[in-house]
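Descriptive analysis of the structure
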Amino acid sequence: MNRTILVFSFAALAVFGQRQQGQGQRQQGEQQQQTPPAAPGGAPPAAAGAAQFPAPPAVEKLSKTQHTANIHGQQIAYTATAGTLVLKREDDRPRASIFFIAYTRDGVTDKTKRPVTFTFNGGPGSSSVWLHMGALGPKRVIMGDPEGRQPAPPYQLVDNEDSPLAYTDLVFIDPVSTGFSRNAPGENPAQFHGLDGDLESVSDFIRLWTTRFERWSSPKYLAGESYGTTRAAGLSSTLIQRHGMYLNGITLISSILNFATARFDVGNDLPYILFLPTYTATAWYHKKLPADLQGDLQKAVNEARRFALNEYSVALMKGDKITAKEKTDAARQVARLTGLSQKYVESSNLRIQIQRFTKELLRDQRRTVGRYDSRIEGIDLDAAGERSEYDPSYSVVQGAYTAMFNDYVRGQLKWESDLPYEILTGRVQPWNYGRFTNSYVNVAEGLRSAMTQNPALKVLIANGYYDLATPFFATEYTVNHMGLDPALQNNVSLTYCEAGHMLYTRKSCLESLGKSMATFYGAGK
């Protein structure tokens, strides 16, 4: 496993709860029971189905526009295609209309040497707007300053000098019910609102787009963020199984593949261990650590790693059998590494949940810290509460990205629609985790299987030190527990930056991400 230490920054979309998965299955079952009697061929009567599950007509249309942008020091001409493709059954009945925006570099004559990257965000329920307008697209939203602070309206777009469009074409995908993507009239949208249904529909879109635009001979990559990394890892094997499609590489930004690493459930001590180094990095940023740790972030983080893997793990494993002295010693060290008081740690039974940490760290200043980016501070009405009222790091990006995308897609890409563009929607809830019901989602095994079947597949994982949604130490744990054969372990590279979940909102981290991806794509050829 290669590790490259970079310097990055800030927040995006993270994973909605898995706790509603049983409810999701119940609701889906109830919806299926309410479906009118099937007509010949298994379809519900058209009129009844359309009335029960109304949606805009599922039609295909494209809007092509020509542009130039200054990327990696050169003026690049490209074609932007905003459009919809309709997923259909083999009897030609439409299932869903999926919206996408593709960027293809002009003047390319040999498509076998020009990669294409399919990219998406997470949620579940997120459109692809964050990676599109923040990290990978040819235009990006200007933040309030180079550190990624909140900009004031009106907002602005500029050329994204670090866009990978210089060396790969890009296809941004909005899964069904996000962005402008919708189920077809009469089609139950719940079929797409789950781990497996999502993987099937997105993989079918990738196959269809690849066929329509004649890219089967091109090198193929995926890029996902947050739950989008869950989707990307799942797609690595789903694409092989459903379509025989082998990938060259996958970029995972702010990764979560094993949900056991992030679920603070009773009896699951793993997240307390794996979040600790991010707590330490956060306390370091806010100057809450003792003097001997405050001078060097790497020293502080490495001490937290060592303690988490050793004394802290042992203390939590002992449970109620831990002695009073052992508990006091462990509490003292947790307090030292988190900036919290020893009394608070002891009262929490050595186990600090994320919601408590974001509220407690700066309580004496009547401030909270962000979940997506723990550098960002918030203000609650009630400083004595148990949880933060909102995530200030999401507020930093929500308004600017929403306004700029809606202006850009209609103004520059000439896409005409009165539909609301669903940036981050609850319409997909409850999300159905299907085969992982009553267990933790873990798609790392699917990724291992794909890498074993396709030894040419490389994976780049970008991490932010201040990301409390998908902590870097949890990603390290997941990679170290994939069971990859030693011959394949160097196919996975991890990079790090002093940023949060949407690490690219910090300008220096966007630059570092661009450099690491350029190297990664060069290695994948």
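Below you will find a few notes about this structure. Every chain begins its residue count from 1, and numbering advances along the sequence as written. Only residues with pLDDT of at least 70 are given local features in this predicted model, and only at 80 or more are side-chain atom pairs given and counted; all residues enter the totals for whole chains, interfaces and linings. Heavy atoms from the whole structure form the basis of all side-chain values; hydrogens and water molecules are not counted.

1. Quick look at the overall build of the protein chain
Counted only if it meets this: Every helix listed is a DSSP run of H or I at least four residues long, and every strand listed is a run of E at least two residues long, numbered separately from the N terminus. Using a 1.4 Å probe on the protein chains alone, a residue whose accessible area is under 20% of its type maximum counts as buried, one over 50% counts as exposed, and one in between counts as partly exposed. In this analysis, two residues are considered to be in contact whenever any of their non-hydrogen atoms come within 4.5 Å of each other. Per-residue accessibility takes into account occlusion by the displayed protein chains alone, with areas from the Shrake-Rupley method and a 1.4 Å probe.
Check the secondary structure of the protein chain and you find 15 helices and 15 strands. Every one of the 525 residues in the protein chain was classed for burial, and the buried ones make up 59%. A sequence separation of at least 24 residues applies to 74% of the contacts in the protein chain between residues at least 6 apart. For the protein chain, the computed accessible surface area is about 20300 Å², with 50% contributed by carbon and sulfur atoms.

2. Focus: unusual backbone geometry
Following glycine 123, the chain continues to proline 124 via a peptide bond in cis, the omega torsion being -10°. Among the structural elements, proline 124 can be located in the loop between β5 (116–120) and α3 (129–136). In this chain, proline 153 is followed by proline 154 through a cis amide linkage whose omega measures -5°. Note that proline 154 resides in the loop between β6 (139–141) and β7 (157–159). The phi dihedral of glutamate 214 falls on the positive side, at around 55°, and the residue is not glycine. Assignment of secondary structure puts glutamate 214 in the loop between α4 (195–212) and β10 (220–226). For glutamate 214, a relative accessible area of 60% gives the class exposed. The backbone phi angle of arginine 366 is positive, close to 60°, even though this residue is not glycine. Locating arginine 366 in the fold gives a position in the loop between α11 (354–360) and β12 (368–369).

3. Quick word on the side chain of serine 313
Put simply, the test is: Identification of polar contacts relies on pairs of N or O atoms within 3.5 Å, with a donor-acceptor requirement for protein atoms, meaning one able to donate a hydrogen and the other able to accept it, and with residues adjacent in sequence counted only if both atoms are side-chain atoms.
Its place among the elements puts serine 313 in helix α8 (residues 297–318). Residue class for serine 313 comes out buried when judged on its relative accessible area of 16%. Of note is the side chain of serine 313, whose polar atom sits 2.5 Å from the backbone oxygen of alanine 308. Once you skip the residues sitting within four places of it in the chain, serine 313 turns out to touch Ile273, Phe307 and Ala308.

4. Quick look at the nonpolar core
What counts, and what does not: Put simply, a nonpolar core is a bunch of buried Ala, Val, Leu, Ile, Met, Phe, Trp, Tyr and Cys residues held in one set by side-chain atoms that sit within 4.5 Å of each other.
Phe205 and Ile206 are the most contacted members of the largest nonpolar core, which has 100 residues in total. Residue contributions to this core peak at 10 residues, all from helix α6 (residues 270–285). The residues touching phenylalanine 205, leaving out its near neighbours within four places in the chain, are Leu85, Leu87, Ile98, Phe100, Val171 and Ile173. Ala69, Ala80, Met133 and Tyr521 belong to the second-largest nonpolar core, a separate cluster that totals 55 residues.

5. Digging into the pairing of β10
Quick reminder of the rule: DSSP-based pairing: two strands are paired if at least 2 bridges between them are found.
The element β10 is largely enclosed, with a buried count of 7 among its 7 residues. Relative to β10, β5 is paired through 5 bridges, and the arrangement is parallel. Pairing of threonine 119 across the sheet is with alanine 223, part of β10. Inspection of the sheet shows β10 paired to strand β11 (residues 249–255) by 6 bridges, in the parallel sense.

6. So, the environment of alanine 281
Mapped onto the secondary structure, alanine 281 falls in helix α6. Each C-alpha atom, one on alanine 281 and one on leucine 297, is 6.7 Å from the other, the two residues being 16 residues apart in sequence. Not counting residues up to four positions away in its chain, the partners in contact with alanine 281 are Leu297, Val301, Tyr465 and Tyr466.

7. Considerations on the packing of aromatic side chains
Note the following rule: In this scheme Phe, Tyr and Trp rings, the latter by its six-membered ring, pair at centre separations within 6.5 Å, and the angle between planes marks the pair as stacked below 30 degrees, edge-to-face above 60, and tilted otherwise. The criterion is that NZ of a Lys, or CZ of an Arg, lies within 6 Å of the ring centre and within 35 degrees of the ring normal, and then a charge sits over that ring.
Evaluation of the coordinates by the stated rule reveals 31 aromatic pairs. Taken together, a centroid distance of 4.8 Å and an interplanar angle of 25° make the contact between tryptophan 209 and phenylalanine 213 stacked. Using a relative accessible area of 2% as the deciding quantity, one classes tryptophan 209 as buried. Where tyrosine 227 meets tryptophan 431, the ring centres are 5.8 Å apart and the plane angle is 85°; that geometry is what we call edge-to-face. Here the residue tyrosine 227 occupies a position in helix α5 (residues 227–243), and tryptophan 431 occupies one in the loop between α12 (392–411) and α13 (444–453), the gap between them amounting to 204 residues. Site record: aromatic cluster; members linked through ring pairs are Phe99, Phe180, Phe405, Trp415 and Tyr421. Sitting above the plane of the tryptophan 415 ring, lysine 61 keeps its charged end 4.5 Å from the centroid. When the ring centre of phenylalanine 120 is taken as origin, the NZ or CZ atom of arginine 231, which lies over that ring, is 5.3 Å away.

Any functional reading would require information beyond the geometric quantities listed.
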